[in-house]
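Structural description and commentary
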Number of protein chains: 2
Amino acid sequence: MVEKNIPDIVISRLPIYLQTLHQIEKQGETIISSRELGELFGITAAQVRKDLSFFGEFGKQGSGYNIDFLKSQIRAILNIDRTWDVALIGAGDLGNAIARYPGFLERGFSIEYVFDSDLTKIGKLVGGHIVMPSDTMVETIRAAEIQIAMITVPSRAAQQVADDLVRAGVRAILNYAPVPLNVPENIRVETVNPIIQLEHMTYYIK
Amino acid sequence: MVEKNIPDIVISRLPIYLQTLHQIEKQGETIISSRELGELFGITAAQVRKDLSFFGEFGKQGSGYNIDFLKSQIRAILNIDRTWDVALIGAGDLGNAIARYPGFLERGFSIEYVFDSDLTKIGKLVGGHIVMPSDTMVETIRAAEIQIAMITVPSRAAQQVADDLVRAGVRAILNYAPVPLNVPENIRVETVNPIIQLEHMTYYIK
DNA sequence: TTCTGTGAACCGCTTCACAGCG
DNA sequence: CGCTGTGAAGCGGTTCACAGAA
């Protein structure tokens, strides 16, 4: 799979295609056209075809795309044709909700460790995991070669945790704290910030 | 404030400017240039100026933008120079975490009601709110004229809840369920989907 | 015929570059 | 001078339109 300069915006649509294909498949469909797939989230058929053509020729002229095959191709492109081990840092309310939510594992993200700096939480069980003390985090993550972490600590602690994660060898961080994180160029960060999403909507409902 | 056809992508950057200004202000700054503001999240100075110029002339030539003034202007543009009442539907783990999180209120989103269909949860207290039964939801939201709702129910129930919310007069929905919601044109929906964000990052860490 | 894959045209956001004001 | 506001140029993603395969 030779991928050169594929626009990031195309990459960001692939997980959405995948989610849509999951839905469609549940309804018993096995084949879908670019037009149908596009309509399901408001994108033109041409864009669907153009996006997919960056990676190969997955469709059949005259009929469309085999849903199961397309799913497996997109999974391979996104490197999710495997399970990723994940570390969760922060065992507060949100961390608990995430640790107990089965949806991550269903999609191949397996939470292997939960860390917290609060001594009263350490040793407790959340979502099947014993909460471990933060001061063992760098060592543990490095030894387990974990590459993805989620941060659900208070904002004031988030940057320090991010620094530690980078030292531990993590390459992607999903950040639930509402602050920007400074990390080296080669580390990916995505921030979950529902307040920004709310503020986006209020513009339109004046 | 006469706003015609402002690109949605510009609107989506305003909450980020606002968040950045919050951070900067904490460090004691009172004035910021477009270059500095842009550097803080990887955008050119020209883009910052162009974005803001859609709404007015907020800067001072020779010096830059007064942070406090710019914040108040952006708040006014986004209609967050007020408090919005919000309804939360779903009192599971995630709903609990959201109800107990003070960050929404700090930014002007006040959770006024929490609903759940699970009889064992009704009447319990989460984040200072008594959980109310779902079958009173439409009536209650309509009477309180609530315009924003957050959905934290299981995926299978999300579309039904969304339909009910639309009937109740809600105009914006923050959806935490990993399914697309079908709503009328004039209703805004934003989905929080951390799995999609993880899948976006795994592309780059092969 | 139907629907994909794709070069080319199109369009809209980004960047440039400079007038203008403090 | 320094920095904003903005028309114009530039560029990259989107859409068009059609050849070609099933």
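Residues numbered from 1 in each chain as written. Chains lettered and ligands numbered in written order. Predicted model: local features only at pLDDT ≥ 70, side-chain atom pairs only at ≥ 80, totals over all residues. Heavy atoms only, no water.

1. Looking at the protein's contact with DNA strand C
- DNA strand C sits among 23 residues. The nearest are Ser34(A), Arg49(A), Tyr65(A), Gln47(B) and Gln61(B).
- In this structure, a phosphate oxygen belonging to DNA strand C sits 3.1 Å away from a main-chain N or O atom of Phe58(A).
- Between DNA strand C and Gln61(B) there is a distance of 2.7 Å, counted from a sugar or linking oxygen to a side-chain nitrogen or oxygen.
- Of all the elements in the fold, those that place two or more residues in the surface near DNA strand C are helix H3 (45-53), strand E2 (59-60) and strand E3 (64-66) of chain A together with helix H1 (8-26) and helix H3 (45-53) of chain B. (Near = heavy atom within 4 Å. Polar contact = N/O pair within 3.5 Å; in protein donor to acceptor, adjacent residues only side chain to side chain. Helix = DSSP H or I, 4+ residues; strand = E, 2+ residues; numbered from the N terminus.)

2. Observations concerning H3(A)
- The complete set of buried residues in H3(A) reads Val48(A), Asp51(A) and Leu52(A). With its buried residues spanning 90 degrees around the axis, H3(A) presents them on a single face. (Buried < 20%, exposed > 50% of the residue type's maximum accessible area, 1.4 Å probe, protein only. Arc of directions from axis to C-beta.)

3. Details of the protein's contact with DNA strand D
- Near DNA strand D you find 23 residues, and of these Gln47(A), Gln61(A), Ser34(B), Arg49(B) and Tyr65(B) are the closest.
- Protein-proximal atoms of DNA strand D, defined as those within 4 Å of the protein, fall in sugar or phosphate at a share of 59%.
- Within the side chain of Ser34(B), one N or O atom sits 2.7 Å away from a phosphate oxygen of DNA strand D.
- The separation between a base nitrogen of DNA strand D and a polar side-chain atom of Arg49(B) is 2.7 Å.
- Those elements that provide at least two residues to the surface near DNA strand D are helix H1 (8-26) and H3 of chain A together with H3, strand E2 (59-60) and strand E3 (64-66) of chain B.

4. Re the packing of helix H7 (residues 137-144) of chain B against helix H8 (residues 155-167) of chain B
All names here are of chain B.
- Running from N to C, H7 and H8 point in directions that differ by 35 degrees, and their axes come no closer than 9 Å. Note that H7 runs across H8; the crossing there is right-handed. Along its contact with H7, which presents Met137, Val138, Ile141 and Arg142, the element H8 presents Val161, Asp164, Leu165 and Arg167.
- Of the residues in the contact of H7 with H8, the class split is five nonpolar, no polar and three charged. (Axes fitted to C-alpha atoms, helices over the stretch in contact; angles between N-to-C directions. Left-handed = near helix turned anticlockwise from the far one by under 90°. Contact = heavy atoms within 4.5 Å. Nonpolar A, V, L, I, M, F, W, Y, C, P; charged D, E, K, R; others polar.)

5. Structural notes on the interface of chain B and chain A
- Chain B puts 55 residues into the contact, and the matching count from chain A is 55 residues.
- A combined buried area of about 5300 Å² lies between chain B and chain A, and 64% of that area is made up of carbon and sulfur atoms.
- Its largest share of buried area at the contact with chain A, chain B owes to Glu199(B), Tyr203(B) and Ile205(B), together 14% of the area lost on that side.
- One salt bridge in this structure joins Asp93(B) and Arg100(A), with 3.0 Å as the shortest N-O distance.
- Joining chain B to chain A, the criterion identifies 24 residue pairs in polar contact (both at pLDDT 80 or more).
- When contributions to the side of chain B that touches chain A are tallied by element, the ones reaching two or more residues are H1, helix H5 (93-100), helix H6 (103-106), strand E8 (148-151), strand E9 (172-175), strand E10 (188-191) and helix H9 (194-202) of chain B.
- When residues of the side of chain B that touches chain A are assigned to their parent elements, the largest contribution, nine residues, is made by H9(B). (Buried area = accessible area lost by both parts, 1.4 Å probe. Salt bridge = Lys/Arg side-chain N within 4 Å of Asp/Glu carboxyl O.)

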